[in-house]
Every structure is written in structure tokens, then in C-alpha cells.
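Each chain is listed here by its residues.
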Amino acid sequence: MKAAIVAIASLVALTGLALLSPQWLVFMAMLALAKGVVVLGLLVLMRTGLVSFGQGLYFGIGAYAAALLSHHLHVADAAVMLLTGAAAAGLVAALLGLLLAGYRDIFFAMLSLAFSMILYGVLVKSAALGSTDGFNLHARTFFGVALAPGMERRVFLIAGAVCAVVVALLVHRLLGGHWGRLATGVRDNELRVAYLGASPYRVVYVNYLIAGALAGLGGALAALAVGHVDPEMTYWTTSGEFVFIAILGGIQSILAPFMAATIFEALRTIASQYAPNVWQMSLGLAMLAIIMFLPAGLWTLAERRRRSA
Amino acid sequence: MRPLSSFGLRAALAAFVVLLAVPASQAQQPLKVGIVTFLSGPAAGPFGVPARNAAELTAELLNAGTVPAPYSQKGFGGTPIELVIIDEAGGPQKQVAEYRNLVPRVDIVIGYISSGDCLAIAPVAEEQKKLTVLFDCGTPRIFEDASYKYVFRTGPTGTMDNVSVALYLVERTPNVKSIAGLNQNYAWGQDSWADFENAMKTLKPGIEVKTSQMPKLFAGQFGAEITTLLGSGAEVVHSSMWGGDLEGLVLQGAPRGLFEKHKVVLSAGEPAINRLGTRIPDGTILGARGPFGPFAPDTDLARWLKTTYQDRYHVPPNYASFKMTQAILGVKAAYEKAKGSGNGAPDQDKIIAALENLTFEGPGGPVKMALGKGHQAIMDAAVGTTKVEGGELKIVDVARYSADKVNPPDGVKSEAWIKSGLKK
């Protein structure tokens with residue numbers, strides 16, 4: 001019930017933002033939302049005790065799938081692009097998950113990193129896809145309805161908000177129930193879970209699949225927002241950024257990834273504008289401060305307030 | 001208390017009136033120019049920082065009114081300019097975000113070194129309706145695959161770099177029979193090699209390509225590739241490398257005799273001469289992506305940039321510096337043409353109309369906005385050979401190619417033009 005209220009409130013707020021705010025803010029909100037969705041997937045994995053340093057793989061697949069639709073098949077519908085992005089990433093995750101679900105800890109992290117770098121290497125070598133330069137994409141309709149110029153990104157933001165709220169609710173339900181406790185169980189004591197009759201492999205596999213599909217959806221959203229895709233989206237620094245955001249927010253709440261992604265985008269923009277020579281260092285110091293003072297992420301602040309209230 | 005409060009009221013009123021009056025008397029609101037260039041990362045050293053330095057120097061001297069004719073008027077048409085500089089590092093996605101944030105804060109944007117960033121920014125500039133001048137990126141795809149109203153590029157494309165070194169090579173060694181390549185495996189390296197290979201095949205039909213080595217970007221170590229090249233038997237080795245990779249190639253290749261056994265062509269080698277100097281072996285063919293740096297013509301404008309830059313930063317300006325100054329001067333020329341003899345600031349559409357098809361004088365010589373419906377510059381190309389004389393690196397045997405000869409006609413794609421015989 002409470003989740004539904006939060007969901008409706010977020011949706012109303014984001015729709016208002018999409019319709020009323022200036023273009024640059026619409027764009028930033030969309031990018032934050034796209035990253036939030038990816039980090040939501042990472043949160044599902046982290047609840048299972050796994051950190052993936054390769055979510056860039058699915059982020060990139062989602063973005064390229066959406067862009068290729070527009071570039072090669074001349075499909076310019078944003079809704080089709082979003083669904084295709086998520087589906088393509090989910091499909092690849094379903095395949096790679098068969099292998100990765102057997103690994104834990106650093107082995108899981110490194111393998112996921114390796115797969116994302118393979119895609120990066122392939123994209124860089126593909127001159128037909130613009131190599132490192134990438135290529136542009138244009139979405140002109142949404143569910144077949146033509147979009148007026150200037151309105152596109154506002155509509156995309158609303159679409160992104162709907163997607164984000166729906167997946168956040170689904171993940172909330174999933175983690176709040178039997179499956180979520182199983183995931184935590186796998187994290188805390190896998191052997192025990194197996195003795196109790198559940199399959200840790202299955203839990204990891206399904207959660208990996210969810211994380212992959214969500215990263216694909218995020219990638220397609222980001223591609224729509226930016227209007228351009230390039231191999232940088234699959235590079236390990238992009239994957240690292242997602243882990244950064246996950247740590248920034250913490251994994252206690254479904255809202256944390258979205259909040260952290262917003263703070264991250266704002267922080268990066270402010271740092272780029274006011275300290276163009278040391279913006280990377282500003283981000284690094286912020287990370288350091290979080291790890292030292294709020295090891296469980298910014299969400300701890302919200303929880304502390306609730307407890308004291 | 002009463003006198004005090006009435007005094008306070010009067011003071012506040014006076015302050016308010018003064019505040020109102022200030023903007024009216026201060027008609028000289030500076031023009032804000034956004035500058036986007038690499039301040040961090042591997043491209044900062046060879047390109048980004050020299051370009052930023054040139055931007056700061058040029059803006060300051062323009063505002064002081066000490067730039068030689070035809071740019072002696074202060075600022076842009078008498079209005080001082082103020083730079084807002086941001087970092088280009090972080091990839092196209094971040095750049096699109098930063099560009100969108102920058103647009104409301106500035107009147108004009110000048111920037112972008114990476115072709116990926118240029119490709120991503122161009123459609124956004126069009127959507128935001130903000131005059132955006134690309135100054136360095138090389139890919140011809142920008143105006144060949146699309147057409148823009150608000151986007152310009154005052155630097156020539158990468159096409160002429162490799163066409164001009166191919167022409168130079170064939171003129172100097174008419175019997176050349178085989179070539180090989182060593183280029184970084186990313187868009188710039190792939191495109192440069194394709195242009196060079198195709199140009200050589202057009203100029204010397206039947207030429208043999210012995211090998212094309214594509215190590216990954218910023219690999220730094222080229223032991224294996226150099227061995228392959230040494231064993232390939234190719235007469236010519238082409239490389240479009242830059243930055244640390246280029247230095248690595250020269251420092252690792254020279255002791256192994258790569259430069260003695262082969263004619264080495266460094267199509268974008270100019271920025272390395274300030275750092276490597278005499279360590280570049282004699283007889284290396286060098287390009288500067290246009291008539292920049294040591295290839296600049298002997299004009300007042302070129303001398304002005306070279307001396308003022310050298311005085312302030314204690315190194316000569318390289319091609320990135322030249323191209324940045326060129327972009328600022330190009331916008332200034334268009335601004336002043338649009339302003340005419342009027343007093344008011346020209347609106348953006350007028351500046352755009354003035355910049356389209358404009359021919360202006362840059363520190364590297366005349367710049368013609370001839371391609372992409374008047375949005376893409378062409379310039380003469382210059383190629384030379386290195387020679388150490390009296391302990392100093394000199395560029396000798398410099399050949400110039402007129403802009404029309406090394407660039408495709410408007411509306412023709414570079415790749416097709418090179419393959420179909422470099423014809424007008």
C-alpha cells in the first residue's frame with residue numbers, strides 16, 4: 001500500500017518535471033532515471049551477494065539494439081526501442097547467466113567484466129557501426145503516435161518514468177517476498193539454502209537475468225535521451241560508474257538507486273561546471289567520504305531520520 | 001529612531017535606483033563563448049591543453065585589441081568576449097549532458113576534439129538551436145551523413161591529411177610498390193588507414209599492401225607490430241598515431257631501424273615534434289592536419305600567434321592551438337560581418353548566414369567554408385620531411401597542396417571521391 005503511494009507520487013512528480021522543466025533538466029532527469037534502472041538491477045544482484053563489474057555489457061546491448069532498430073531497420077518508435085533493448089539484453093543474460101550463475105565473489109565480478117570488454121572490443125573493431133565514434137539514432141514516434149519536435153524528450157521522460165516505476169514496484173514485490181529472503185539467504189549462507197531444498201544456482205540465475213534485462217532497459221533509455229550510441233557505453237568505466245552509484249545509495253531500499261543516480265548526475269554536472277580541471281577528483285573525494293562515513297550508502301541518512309522520528 | 005529609518009529608506013531607494021541604472025550604463029555585457037576541450041585524459045597533453053591555452057590567449061588579446069589585421073577590432077565587433085571552459089573527457093554521453101547544461105550559459109559554443117563527441121553533439125546543437133563551431137575533430141561523416149544549420153567546422157576534415165601525404169609520397173618516390181600501416185584500432189586510426197590505402201591505390205594502381213597493423217588504442221608497446229613491419233618488406237609505413245602511442249612508436253621504432261628500412265609517414269605527427277625533437281629520425285614524412293605549426297605560411301597572423309604563444313607558454317603552438325585560434329577568429333569574422341556598421345549585437349541567424357560559405361584568414365592561411373553547404377572548412381594542405389640540422393629538428397622539402405586538390409567537391413563523400421580517382 002505504502003509502495004503504491006510512493007509509486008504514484010513519483011510518477012506524478014516526474015510527469016510534472018517532464019512537462020514543466022527546461023530541456024537540460026529533462027535530459028538530466030532522463031539520464032538519472034536510465035542509470036537508476038541499471039543500478040536497480042545491480043541492487044538485485046547485490047542482495048544476492050554478487051557485484052557485477054560488467055553491467056556495461058547489457059547497458060550497451062540495450063542501447064545498440066535500440067539504435068540499430070532506427071539505423072538499419074528504420075523503426076523509429078521509442079516504445080519498440082525500449083522493449084527491444086530490454087529483450088535483447090535479457091536474451092544475452094539468459095545465455096551468459098547459465099555460465100555465470102556457477103561463480104561467486106571475485107570470479108563472478110571478473111567474468112562479468114570480461115564479457116563486457118569482449119563486446120567493447122567487438123564494437124571498436126566494427127567500422128560499419130562507426131567504431132569508437134558510434135552513430136546517431138532518431139526516435140520519432142511513441143506507440144505509433146508522431147512526436148512534435150521539442151516534445152520528444154519530454155515524452156521519453158514520462159515513458160521512462162512509467163518503466164522505472166513499474167520495474168521498481170515489481171522488484172520491490174519480488175525482494176519483499178519469499179524470493180528476496182532466498183536471495184539474502186544465498187548471500188549469507190549458500191550451503192544452508194541448498195540444504196533447505198532451494199537451488200542457489202536458480203536464484204543467482206534468475207536475479208542475473210533480471211539485472212541484465214534492467215540494464216538493457218536503462219541502456220535503451222539512455223540511447224533515446226542522448227540520441228547517440230558509442231562503445232564507451234560498454235567500457236568498464238561505465239560499469240564501474242554503476243557500482244559507484246550502487247555504493248553511493250546503498251542497497252537497503254528500492255528508491256536508493258534512483259536517488260543515488262540523481263545525486264551522481266547532479267554532482268558530476270556541478271563538478272564539471274565549477275571545477276572543470278578537477279571534476280574527476282571531486283567525484284573521487286565524494287566516493288571516499290561515503291565509504292568512510294556512510295559505508296552502507298546515503299540511504300542510511302534516510303533511515304536514521306525515520307528511526308529518530 | 002525615526003531619522004535613521006528614513007535615512008535607511010532613502011539609502012535603500014538610492015541603491016535601488018543605482019542598481020537599475022547600472023545595466024543601462026553597462027551596455028558592454030561580454031559575449032560568452034563556451035570552450036570544450038580535453039583538460040584531462042590522454043588527449044589533453046597533445047591537443048586539449050594546447051587548444052585551451054590558445055583559446056585563453058586569443059580571447060585575452062582580442063579583448064585587448066592587439067591581434068593583427070583584419071582582427072584588430074576589440075573582442076567581437078567591439079564587445080569583449082568571456083570564455084566558459086569545460087572538460088571534454090568522459091565520453092559522448094557525458095558530453096551531451098554537459099553541452100545541454102552549457103547552452104543556456106553561453107552565446108556560442110566552440111569545441112570538441114573527439115569525432116565521437118562531434119557526432120553526438122551536432123544533432124543536439126541543431127535541436128537546441130545554438131551556434132556550435134567544431135574546431136578539431138576529423139571525421140568527414142558529420143556533414144556527409146547529415147546537414148545542419150547551427151553546426152559548423154572551421155578545421156578541415158581528416159580526408160586531406162591522408163590524401164596529401166599520399167600525393168607527397170608518390171611525387172617523391174614515383175616507383176613505390178608496397179605500403180604497410182600501423183594505426184590505432186579505433187575510428188580515427190581505421191579511417192586514416194582506409195583513406196591512405198585507397199588514395200595510394202588510386203594514385204598507384206596495383207600497389208601492394210603488405211600488412212595493416214592495428215594495435216589497440218594507448219597500447220604504448222609496439223614490439224610485435226614493429227617486428228611484423230620490419231619483416232614485411234614494405235617500402236612505406238603509414239601511421240596516424242598521436243600522443244603517447246606516437247612517442248612510443250618513434251622511441252621503440254628508431255633504435256630498431258624502422259625509420260631507416262622504411263619510409264615512415266606520420267600523417268598527424270606534428271604535435272610530437274615539440275616533445276621528441278631531434279629523436280625523430282631524418283627523412284620521416286610529417287603532416288600537421290593542415291598548414292599549421294611549422295607549416296604555417298609566413299603571415300602577420302601566424303607570426304603573432306607563434307610569438308605570443310611561445311612567450312607565454314614557452315613552447316611553440318601546435319596544430320590544436322592553431323585550429324582553436326582559427327575557430328575563434330572565424331566566428332569573430334562572421335560576427336563582425338553580420339554586425340556590419342550597425343550598433344546592436346547581430347542575432348544568431350545573421351551570424352550563421354555570415355559564417356556560411358565565408359572565406360576568412362586564419363593563422364594557417366585562408367579558410368574556405370566550402371563543404372557541407374557552406375558549413376565545413378577546407379584549407380590548403382602541407383607536408384614536409386624531417387631533418388636534423390645543427391642539433392635542431394627542421395622540416396624541409398615542404399610541399400603545399402591547394403585546398404581544392406586535396407578535398408572532395410561539395411556533396412561528394414570523401415571515401416567515394418578517393419576511390420573514384422580524386423577528381424574534381
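### Focus: the overall build of chain A
Link 1 in the chain: Along its length, chain A carries 13 helices and four strands.
Link 2 in the chain: What you see for chain A is a C-alpha radius of gyration of 19 Å, in line with the 19 Å of a compact globule of 309 residues.
Link 3 in the chain: Overall size of chain A, expressed as C-alpha extent along the three principal axes, is 55 × 45 × 45 Å.
Link 4 in the chain: When each of the 309 residues of chain A is scored for burial, the buried share is 50%.
Link 5 in the chain: For chain A, the share of sequence-separated contacts (at least 6 apart) that also reach a separation of at least 24 residues comes to 79%.

### What to know about the interface of chain B and chain A
Accessible area lost upon the coming together of the parts serves often as the stated size of an interface.
Link 1 in the chain: At the junction of the two partners, chain B supplies 25 residues and chain A supplies 28 residues.
Link 2 in the chain: When contributions to the side of chain B that touches chain A are tallied by element, the ones reaching two or more residues are strand 2 (81-87), helix 3 (91-102), helix 4 (115-128) and helix 7 (187-203) of chain B.
Link 3 in the chain: Considering every element that reaches the side of chain B that touches chain A, the biggest residue donor is helix 3 of chain B, with eight residues.
Link 4 in the chain: Taken together, the residues of the side of chain B that touches chain A sort by class into 13 nonpolar, nine polar and three charged.

### Focus: helix 8 (residues 223-232) of chain B
All names here are of chain B.
Link 1 in the chain: Every buried residue of helix 8 is listed here: Glu 225, Ile 226 and Leu 229. For helix 8, the angular spread of the buried residues around the axis is 100°, confining them to a single face. Summarising the geometry of helix 8, the exposed residues directed more than 90 degrees from the buried face are Gly 223, Ala 224, Thr 227 and Gly 231.
Link 2 in the chain: Two residues or fewer after helix 8 comes Gly 233, characterised by a positive phi angle close to 75°.

### Regarding the sheet that holds strand 7 (residues 208-213) of chain B
Picture the strands of a sheet paired through backbone hydrogen bonds; they go either parallel or antiparallel.
Residues and elements named next belong to chain B.
Link 1 in the chain: Here we have seven strands laid out as an open sheet, ordered 7-6-8-9-10-14-15, and mixed in their pairing. Every interior strand has two partners, whereas the edge strands, strand 7 and strand 15 (392-401), have only one. Averaged over all pairs of adjacent strands, the angle between strand axes in this sheet comes to 25°, irrespective of strand direction.
Link 2 in the chain: Taken together, the four bridges between strand 8 (residues 236-239) and strand 9 (residues 263-266) define a ladder with parallel strand orientation. Each bridged residue has a counterpart across the sheet, and for His 238 the counterpart in strand 9 is Val 265.
Link 3 in the chain: Across the sheet, helix 6 (residues 159-172) is in contact with strand 8, strand 9, strand 10 (285-287), strand 14 (381-389) and strand 15; its angle to strand 10 comes to roughly 155°.

### Some thoughts on helix 13 (residues 319-339) of chain B
Link 1 in the chain: For helix 13 of chain B, which comprises 21 residues, the first-to-last C-alpha distance of 30 Å matches the rise-based estimate of 30 Å (1.5 Å per residue) to within 8%.
Link 2 in the chain: Looking at the residues trailing helix 13 of chain B, positive phi occurs at Gly 340 of chain B, about 60°.

### Brief notes about the confidence of the model for chain B
Detailed reading of the predicted coordinates is not advisable wherever pLDDT falls low.
Residues and elements named next belong to chain B.
Link 1 in the chain: Here chain B shows a mean pLDDT of 90. Residues at 70 or above account for 93%.
Link 2 in the chain: In the predicted structure, residues 16-26 sits below a pLDDT of 50 and forms zero contacts with residues beyond four places in sequence or in another chain.
Link 3 in the chain: As a predicted assembly, this complex carries a pTM of 0.85 together with an ipTM value of 0.81.

### Re the pairing of strand 9 of chain B
All names here are of chain B.
Link 1 in the chain: Every second residue of strand 9 is oriented toward a common face, with Lys 263 and Val 265 on one face and Val 264 and Leu 266 on the other, all of them buried.
Link 2 in the chain: Relative to strand 10, strand 9 runs parallel, the two sharing two bridges. Residue Leu 266 lies in a different strand from strand 10, and its bridge partner there is Leu 286.

### As for the nonpolar core
Link 1 in the chain: Counting 228 residues, the largest nonpolar core has Met 30, Ala 220 and Leu 221 of chain A as the members making the most contacts within it.
Link 2 in the chain: Not counting residues within four places of it along the chain, the set of residues in contact with Ala 220 of chain A comprises Gly 62, Ala 63, Ala 65, Ala 66, Met 81, Leu 82, Gly 85 and Ala 86 of chain A.

### Here we look at the packing of helix 3 (residues 55-72) of chain A against helix 4 (residues 78-100) of chain A
Residue and element names in this part refer to chain A.
Link 1 in the chain: Contact geometry for helix 3 and helix 4: axes closest at 8 Å, N-to-C directions at 135°. Between helix 3 and helix 4, the angle falls in the class oblique. Helix 4 is crossed by helix 3, and the crossing has right-handed handedness. Taken together, the residues of helix 4 that come into contact with helix 3 (itself represented by Tyr 58, Ile 61, Gly 62, Ala 63, Ala 65, Ala 66, Leu 69 and Ser 70) are Val 80, Met 81, Thr 84, Gly 85, Ala 86, Ala 88, Ala 89, Val 92 and Ala 93.
Link 2 in the chain: Considered class by class, the residues forming the contact of helix 3 with helix 4 number 13 nonpolar, four polar and no charged.

### Side note on the pairing of strand 14 of chain B
Residues and elements named next belong to chain B.
Link 1 in the chain: Alignment of strand 10 against strand 14, held across three bridges, turns out to be antiparallel. Residue Leu 286 lies in a different strand from strand 14, and its bridge partner there is Gly 384.
Link 2 in the chain: Sheet analysis places strand 14 next to strand 15, joined by eight bridges and oriented antiparallel. The residue bridging Glu 389 from the neighbouring strand is Glu 392, located in strand 15.
Link 3 in the chain: In textbook terms, the turn of a hairpin is the stretch between consecutive antiparallel strands, and for strand 14 and strand 15 this stretch comprises two residues, one of which, Gly 390, has a positive phi near 55°.

Cut-offs and rules
- Residues numbered from 1 in each chain as written.
- Chains lettered and ligands numbered in written order.
- Predicted model: local features only at pLDDT ≥ 70, side-chain atom pairs only at ≥ 80, totals over all residues.
- Helix = DSSP H or I, 4+ residues; strand = E, 2+ residues; numbered from the N terminus.
- Rg over C-alpha atoms; globule rule 2.2 N^0.38 Å.
- Buried ≥ 20, exposed ≤ 12 C-beta atoms within 10 Å, placed from the backbone.
- Contact = placed C-beta atoms within 7 Å.
- Nonpolar A, V, L, I, M, F, W, Y, C, P; charged D, E, K, R; others polar.
- Arc of directions from axis to C-beta.
- Pairing = 2+ DSSP bridges.
- Axes fitted to C-alpha atoms, helices over the stretch in contact; angles between N-to-C directions.
- Expected span 1.5 Å × (residues − 1).
- pLDDT = per-residue confidence, 0-100.
- Core = buried A, V, L, I, M, F, W, Y, C linked by C-beta atoms within 7 Å.
- Parallel < 35°, antiparallel > 145°, perpendicular 65-115°, else oblique.
- Left-handed = near helix turned anticlockwise from the far one by under 90°.

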